[in-house]
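# Coordinate analysis (summary)
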Amino acid sequence: MYLSRFLSLHALWVTVSSMMQHYPSVWGHYDVCKTQIYTEEGKVWDYMACQPEARDMIKYVKVTLDPPDITCGDPPETFCAMGNPYMCNNECDASTQELAHPPELMFDLEGRHPSTFWQSTTWKEYPKPLHVNITLSWNKTIELTDNIVITFESGRPDQMILEKSLDYGRTWQPYQYYATDCLDAFHMDPKSVRDLSQHTVLEIICTEEYSTGYMTNSKIIHFEIKDRFAFFAGPRLHNMASLYGQLDTTKKLRDFFTITDLRIRLLRPATGEIYVDEQHLARYFYAISDIRVYGRCKCNLHATGCKEENKRLLCECEHNTTGPDCGKCKKNYQGRPWSPGSYLPIPKGTANICIPSISSIGTNVCDNELLHCQNGGTCINNVRCQCPPAYTGILCEKLKCERDPGGCGQNSGRGAISHGSLVLLTALLGLCIC
């Protein structure tokens, strides 16, 4: 009895494990592009939607500042301590490593430690605005998968805009506004992501949650990606299948989480009060110790890998696609218009592979991935199928006896390709059944 119960439990565990392996969409993996399966025609490839793993995209970022001379230290200047805004004997000096605060310190491995940070010049030209644009560029389309997090060491700015670009910085659109007073700064009522819903998830809001002065526990600014995912996937993001279904069918939602560049527009430094203290302008500046951006290369569901080549990210395309985003079909595989992969139907999605062109049939009749020689035929140099004595046709799909006046006998068609397979095959090749 115990043995039979154990065997039953073991069988159940094997079944559950097998099911879990075939439901990557629940967790959003889509980490396999193809797998081999066995059919009546033999071993063939089964294609599915796929995407790279999420990673820390800051490793691949290029940063530019505008104005370019906004970093402190050239010439050297003094500024006030962050913990005590009236202790103004700290020095920024670009020529001394211990006193320099260059832009790369926003991204260094020690960036979570307050001793390493980028810092702007002080607001010494007040009342002229102290404006800084920090642009993060990837030269690649990125899909965001986690919150954007910016850690300030100067107190969070009184006014700031986070912007995104989808066309490599040619045009920009706001992601979110940040202010101590949204109505005064941007003529917008303050909101938080918690005020949004599935129907308003794309709304651009102004929030006052992240705009305070020198409080030691108030250094971080978020752009909440996961909270927006949660409107579709549930509070703990357990129902990723629902989210991916929405992303698949709603282009505006997909584009919302997609970027090529980010821009942080710093418009007014933290003052901690209503009025600027003109006697102590060295109190006011921007300093950032860390920026986190997590995402994946956008490969249109045609790749599981993304590599860096010549300081540029490129998708490792499958499904007979090519290009930095797998955005077109390979040469000789343009038998139908290119299409991105689809998350639907769950769990494997649809690969929408590129198929051979009609013009390529003469030079690429068969291969080991898509077009197999049928009925025991052998592919010779991707140029032709060498057929068994009883068969003929481009892929050995026809019986020779069909040409004879007497036709084929009762047993002649054993092992021939099925009519349904022939229809599919000829559709792939762009031919007709004559």
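Residues numbered from 1 in each chain as written. Predicted model: local features only at pLDDT ≥ 70, side-chain atom pairs only at ≥ 80, totals over all residues. Heavy atoms only, no water.

Here we come to the pairing of strand β15 (residues 287-292). For β15, the buried fraction is high: five of the six residues fall into the buried class. Across two bridges, strand β7 (residues 118-119) lies against β15 in antiparallel orientation. Each bridged residue has a counterpart across the sheet, and for Gln119 the counterpart in β15 is Ala287. Two strands pair when backbone bridges link them, and strand β9 (residues 148-152) and β15 are joined in this way by four bridges, in the antiparallel orientation. If you follow Thr151 over to β15, its bridge partner there is Asp290. (Buried < 20%, exposed > 50% of the residue type's maximum accessible area, 1.4 Å probe, protein only. Helix = DSSP H or I, 4+ residues; strand = E, 2+ residues; numbered from the N terminus. Pairing = 2+ DSSP bridges.)

On the basis of which strands lie adjacent, the open sheet formed by four strands has the order β7-β15-β9-β13 and antiparallel pairing. A single partner strand is all that each edge strand has here, and the edge strands are β7 and β13 (220-223).

Because each turn of an α-helix spans 3.6 residues, side chains separated by three or four positions in sequence point in the same direction. Looking only at helix α4 (residues 240-249), the buried set comprises Met240, Ala241, Leu243, Tyr244, Gly245 and Leu247. Turning to α4, the residues buried within the fold contact α3 (225-233), α5 (251-256) and β16 (294-297). (Contact = heavy atoms within 4.5 Å.)

Before going further, it helps to spend a moment on α3. Taken residue by residue, α3 has Ile225, Arg228, Phe229, Phe232 and Ala233 as its buried positions. The buried side chains of α3 occupy one side of the element, clustering within an arc of 130° when seen end-on. Contacts made by the buried residues of α3 are with β8 (132-144), β9, β11 (173-179), β13, α4 and α5. (Arc of directions from axis to C-beta.)

So, about the state of the cysteines. Per the counting criterion, the structure on display carries eight disulfides. The disulfide partner of Cys72 is Cys92, and the S-S distance across this bridge is 2.0 Å. One quick way to see it: the torsion about the S-S bond of Cys72 and Cys92 is about 75°, and its sign makes the bridge right-handed. Placement of the pair is Cys72 in the loop between β4 (62-66) and β5 (77-79) and Cys92 in strand β6 (residues 90-92), with a sequence separation of 20 residues. This pair shows no difference in class: Cys72 is buried, exactly as Cys92 is. (Disulfide = S-S within 2.5 Å.)

Applying the stated criterion to the full structure yields 16 salt bridges. The partner of Asp146 in a salt bridge is Lys226, with the nearest N and O atoms 3.8 Å apart. Here Asp146, found in the loop between β8 and β9, pairs with Lys226, found in helix α3; they are 80 residues apart in sequence, far enough to count as distant. For Asp146, a relative accessible area of 24% puts it in the partly exposed group. Under the relative-accessibility criterion, Lys226 is labelled partly exposed at 35%. For Arg263, the salt bridge goes to Glu163, with nearest N and O atoms at 2.7 Å. Here Arg263, found in strand β14 (residues 258-268), pairs with Glu163, found in strand β10 (residues 159-165); they are 100 residues apart in sequence, far enough to count as distant. (Salt bridge = Lys/Arg side-chain N within 4 Å of Asp/Glu carboxyl O.)

The next thing to look at is unusual backbone geometry. At the junction of Tyr126 and Pro127, the peptide bond is cis and its omega measures out at 15° in the coordinates. Located in the positive-phi region is Tyr168, a residue other than glycine, with phi close to 65°. With respect to the helices, strands and loops of the structure, Tyr168 is situated in the loop between β10 and β11. The residue His319 is not glycine, and still its phi comes out positive at about 60°. Relative to the helices and strands, His319 is located in the loop between β18 (312-315) and β19 (321-322). Given a relative accessible area of 3%, His319 falls into the buried group.

The next subject is the environment of Lys331. For Lys331, the location among the structural elements is in the loop between β20 (328-329) and β21 (378-380). Taking the relative accessible area as the measure of exposure, Lys331 reaches 70% and is therefore exposed. A C-alpha to C-alpha distance of 8.9 Å links Lys331 and Thr321, two positions 10 residues apart in sequence.

The subject of this paragraph is the confidence of the model for the protein. On average, residues of the protein score 83 in pLDDT, and 79% of them reach the 70 mark or higher. Scored below 50 in pLDDT, residues 1-28 shows 21 contacts in the model against residues more than four places distant or in partner chains. (pLDDT = per-residue confidence, 0-100.)

Here we come to the packing of α3 against α4. Packing of α3 against α4 brings their axes to within 7 Å, and their N-to-C directions diverge by 100°. Relative to α4, α3 is oriented roughly perpendicular. Across the interface between the two elements, Phe229, Phe232 and Ala233 from α3 touch Met240, Ser242, Leu243 and Gln246 from α4. (Axes fitted to C-alpha atoms, helices over the stretch in contact; angles between N-to-C directions. Parallel < 35°, antiparallel > 145°, perpendicular 65-115°, else oblique.)

Taken as a class, soluble globular proteins show a tendency for nonpolar side chains to be buried jointly. In terms of nonpolar packing, the biggest core is built from 61 residues, with Trp118, Ile134 and Ile291 touching the most fellow members. Looking at this core, the element that brings in the most residues is β8, giving six residues. With eight residues, the next largest nonpolar core counts Cys385, Cys396, Leu399 and Cys401 among its residues. (Core = buried A, V, L, I, M, F, W, Y, C linked by side-chain atoms within 4.5 Å.)

This paragraph deals with the packing of aromatic side chains. Tallied over the entire structure, the rule returns 13 aromatic pairs. Ring plane angle 70° and centroid distance 5.3 Å describe the contact between Phe79 and Phe285, whose orientation is recorded as edge-to-face. On the criterion of sequence distance, the pair formed by Phe79 in strand β5 and Phe285 in the loop between β14 and β15 is long-range, its members being 206 residues apart. Phe285 matches Phe79 in its accessibility class, with the two residues each being buried. Ring centres of Tyr177 and Phe186 lie 4.9 Å apart, and the angle between their planes is 55°; this geometry places the pair in the tilted category. Under the relative-accessibility criterion, Tyr177 is labelled buried at 18%. Members of the aromatic cluster, joined through ring pairs, are Tyr175, Phe223, Phe229, Phe256 and Phe257. Of note, Lys34 hangs over the ring of Trp45, and the distance from its end group to the ring centre comes to 4.5 Å. Above the plane of the ring of Trp172 lies Arg263, whose end atom (NZ or CZ) is 4.3 Å from the centre. (Phe/Tyr/Trp six-rings, centres within 6.5 Å; stacked < 30°, edge-to-face > 60°. Lys NZ or Arg CZ within 6 Å of the ring centre and 35° of its normal.)

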